[in-house]
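Secondary and tertiary structure notes
Listed below are the residues making up each chain.
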Amino acid sequence: WTGLVDIKTMSSNQFKQNGMPDWAADKYECQLNIYMDFFDQDSAIILAVNKDGPHDMKEFRFDRDQELIDTIYDKWKFVSHCLDAGETPTEEDDELFPLPTKGPVAV
């Protein structure tokens, strides 16, 4: 296997959940896809580490999602144009760019 590895520490409560914490799942997926684009990779793993001990680890694997990457870049361009025009993007503007996250690949 070749790809990226991003290490994320989690509290014991978060680590014991079946998946990634709800507050972080989409954020981490977007982050990994941008990293995969930057480094021209097709796969990435989040290595979750239980920071409270006994420091168990588990993996969440993601495959590159070009549709998600393109949507993120489109959103960044929109925000950049707003800022150049001296306008503040609104919450309604955020709805123009739904992020098509899919979650980790079942292994």
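The notes below deal with the structure included here.

Conventions we followed
- Residues numbered from 1 in each chain as written.
- Predicted model: local features only at pLDDT ≥ 70, side-chain atom pairs only at ≥ 80, totals over all residues.
- Heavy atoms only, no water.
- Phe/Tyr/Trp six-rings, centres within 6.5 Å; stacked < 30°, edge-to-face > 60°.
- Helix = DSSP H or I, 4+ residues; strand = E, 2+ residues; numbered from the N terminus.
- Buried < 20%, exposed > 50% of the residue type's maximum accessible area, 1.4 Å probe, protein only.
- Lys NZ or Arg CZ within 6 Å of the ring centre and 35° of its normal.
- Polar contact = N/O pair within 3.5 Å; in protein donor to acceptor, adjacent residues only side chain to side chain.
- Contact = heavy atoms within 4.5 Å.
- Salt bridge = Lys/Arg side-chain N within 4 Å of Asp/Glu carboxyl O.

With that settled, the discussion passes to the packing of aromatic side chains. Here the structure, examined in full by the defined rule, presents three aromatic pairs. Taking the centre distance of 6.2 Å and the plane angle of 70 degrees together, the rings of W23 and Y28 count as edge-to-face. With a centroid separation of 5.5 Å and 70 degrees between ring planes, the pair formed by Y73 and W76 is classed as edge-to-face. Of this pair, Y73 and W76 both sit in helix α3 (residues 66-84), separated by three residues, roughly a single helical turn. Relative accessible area serves as the criterion here: at 47%, W76 is assigned to the partly exposed category. The ring of F15 carries K58 above its face, with NZ or CZ at 4.7 Å from the centroid.

A few words now on the side chain of S12. Tracing the backbone shows S12 in helix α1 (residues 12-16). Side-chain polar atoms of S12 contact the side chain of N50, separated by 3.1 Å. Contacts of S12, omitting those with residues within four sequence positions, involve N50, D52 and G53.

Turning next to the pattern of salt bridges. For the structure on display, the rule yields five salt bridges. Linking D6 and K8 is a salt bridge whose minimum nitrogen-to-oxygen distance equals 3.2 Å. In terms of burial, D6 and K8 fall into one category: buried.

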